[in-house]
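Read off the chains here:
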Amino acid sequence: MARVIFLTDFSEEYARSILLGIARYAKETGQAWNLCKLPLSIRDKFGIEAVVEWAKRMKADAVIGQFYNTDNVDLFLQNGIIAVAQDFKKRFTTIPNITGPHRLAGEMGAEYFIKKGFRHFAFYGVRGIVWSDERCQGFREAVARANPAFTFSALHNNSQNDLWYYDSTQLIIWLQSLPKPVAIMACDDNQAYHITEACMQIDGGGNFRIPDDIAILGVDNDETICQLSSPNLSSLNQSVEQGGYDVAKLIDRQIRTPEAGWEDVVVKPTHIITRQSTDIYANNDPYIAKVLKHIHENISQKLTVDNLVTLVPLSRRLLETRFKKEMGTSIYDYVIQIRIEKMAQLLCEGLSVSDAAAELGFSDIKNVSRTFKQLKGYTPSEYRQAMSPTR
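So, here's what we can say about the structure. Residue positions within a chain follow its written sequence, with the count starting from 1. With pLDDT at 70 or above as the cut-off, local features in this predicted model cover only qualifying residues; side-chain atom pairs require 80 or more to be listed or tallied, and sums for whole chains, interfaces and linings still use all residues. To obtain the side-chain values, all non-hydrogen atoms of the structure were used and water was disregarded.

Things to note about the overall build of the chain
What counts is decided by this rule: Secondary structure elements are taken from DSSP: a helix is a run of H or I of four residues or more, a strand is a run of E of two residues or more, and numbering for both begins at the N terminus. The globule rule used for comparison is 2.2 Å times the number of residues to the exponent 0.38, while the radius of gyration itself is calculated over C-alpha atoms. Here the term buried applies to any residue with accessible area under 20% of the maximum for its type, exposed to any over 50%, and partly exposed to those in between, with areas from a 1.4 Å probe on protein chains only.
When its secondary structure is counted, the chain shows 17 helices and 12 strands. Taking 2.2 N^0.38 as the reference for a compact globule, 391 residues should give roughly 21 Å; the C-alpha atoms of the chain span a radius of gyration of 23 Å, in line with that estimate. Each of the three principal axes of the chain carries a C-alpha extent, and together these read 75 × 55 × 30 Å. Per-residue burial over the chain gives 53% buried out of 391 residues.

So, in structure tokens, the structure goes:
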């Protein structure tokens, strides 16, 4: 039986999902894990030394926590206690981290908006926090790669404010300065929520409509925050529960074999959950915007260029030319890309490869697997195994 102390904020969906993953590992391995929550106030008031003493009294095998980089985490190792750092400020080098490919998350956010036809992009984050800085970097670089003519702006707070207490003045000024329509990725759902609240404060919310003028994407898919926001927030989902499972596996291995090496636990971004805050297809060409909307809303149906031509007063050749100019790819290739993205989402949600393919009308599994690997770098089976929370 492992005794594990949590020094984290359980008001966040991220921490609760880590706990679910640990519970799943304990159940699958037939172990009875003892889990204890330690308030963050203990560390803040009495220091990391008090946390170590508490862990010793509890005879804890491991502590999973939001540690400051100034905390002497080596004290845990000196007392025979395994310490795992949850992404908080910066990654540690002497203990394992629960972290992720944050730059990839930023790239996914940018690509999501680019496929919706946006030309103006922005990022709202917190300065000096690794997951915010790297998501911003990935987002900015993906936008620049897509088209040098795209605009980009960023605003970084100096402190990680919580959901309720923050100063919206600077945020409002920044939002007013951005060209519209603009696609904004926030470093997490908390900061995305702040944007929706700020928009409501600008002349009663009448001037900046969401998503028409400002489309907003968060990260973590915290259901409470996303549903609390008005309109509901779209968010990038991550395999956090699987991360909790992998943390438990790491702790179990280190308990059994203390001399074994350790590695960081990587929580991967999986797919984007679209809600009202990004439910728009922005394009200066109204005909292309209409075609984009139809493609995304009917991606599970059979889509052909001939079908799409009937939606707009353009010839097939003119539609294809204008689409290629606006989106940088052909209609056919765009449809394939969106269908593969949808298939990836279904695989993340636990569907089998055959069921996901059938859901999207793919009949040739071999052919779709080849296309999937070209676009995602994995076969559908490999991708499902890596991303599905029910692995």
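Comments concerning the sheet that holds strand β1 (residues 3-7)
Which entries qualify depends on this criterion: Strands pair, by our definition, only if DSSP identifies at least two bridges between them.
Spatially, β2-β1-β3-β4-β5-β11 is the arrangement adopted by the six strands of the open sheet, whose pairing is parallel. Where the open sheet ends on each side, the last strands, each with one partner, are β2 (34-37) and β11 (265-266). Direction of pairing for strand β5 (residues 97-99) relative to β11: parallel, over a ladder of two bridges. Among the inter-strand pairings, Ile-98 is bridged to a residue of β11, identified as Val-265.

Focus on the sheet that holds strand β12 (residues 269-273)
The test is simple: Every angle, taken between N-to-C directions, lies between 0 and 180 degrees, and every axis is a line fitted to C-alpha atoms, over only the stretch in contact when it is a helix. Two residues qualify as a contact provided that any one of their heavy atoms is within 4.5 Å of a heavy atom in the partner residue.
Spatially, β7-β6-β8-β9-β10-β12 is the arrangement adopted by the six strands of the open sheet, whose pairing is mixed. In this open sheet, the two strands that pair with only one neighbour each are β7 (151-157) and β12. Averaged over all neighbouring strand pairs, the angle between strand axes comes to 20°, with direction disregarded. Here three bridges tie strand β9 (residues 214-219) to strand β10 (residues 234-238), and the two strands are oriented parallel to one another. Counterpart to Gly-218 in the pairing with β10 is Ser-235. Running over the sheet, helix α8 (residues 189-201) touches β6 (120-126), β7, β8 (182-186), β9 and β10 and is turned about 155° from β9.

Quick notes on the packing of helix α14 (residues 331-348) against helix α16 (residues 365-376)
Each pair of packed helices can be described by the angle between their axes along with the distance between the axes. Test applied: Oblique is the label for any angle not covered by the other classes, which are roughly parallel (under 35 degrees), roughly antiparallel (over 145) and roughly perpendicular (65 to 115). Throughout this entry, Asp, Glu, Lys and Arg are counted as charged residues, while Ala, Val, Leu, Ile, Met, Phe, Trp, Tyr, Cys and Pro are counted as nonpolar. The remaining residues, Gly among them, count as polar.
As a packed pair, α14 and α16 sit with axes 10 Å apart at the nearest point and diverge in direction by 90°. One element, α14, and the other, α16, form an angle in the roughly perpendicular class. Residues Ile-336, Gln-337, Ile-340, Glu-341, Met-343, Ala-344 and Leu-347 of α14 form the contact with α16, whose participating residues are Val-368, Thr-371, Phe-372, Leu-375 and Lys-376. Among the residues forming the contact of α14 with α16, the class breakdown is eight nonpolar, two polar and two charged.

Observations regarding the packing of aromatic side chains
In plain terms, the rule: When two rings of Phe, Tyr or Trp (its six-membered ring) have centres within 6.5 Å they constitute a pair, described as stacked for plane angles under 30 degrees, edge-to-face for angles over 60, and tilted for the intermediate range. Placement of a charge over a ring requires the Lys NZ or Arg CZ to be within 6 Å of the ring centre, with the centre-to-atom vector within 35 degrees of the ring normal.
A full pass over the atoms with the stated rule returns 16 aromatic pairs. Seen in terms of ring centroids, Phe-113 and Phe-118 are 5.6 Å apart; in terms of plane orientation they differ by 80°. Their pairing is edge-to-face. Both residues of the pair, Phe-113 and Phe-118, count as buried. Members of the aromatic cluster, each reached through a chain of ring pairs, are Phe-121, Phe-123, Phe-139, Phe-150 and Phe-152. Note that Lys-89 overlies the ring of Phe-88, its terminal NZ or CZ placed 5.3 Å from the centroid. Against the face of Phe-362 rests Arg-339, its NZ or CZ located 4.2 Å from the ring centre.

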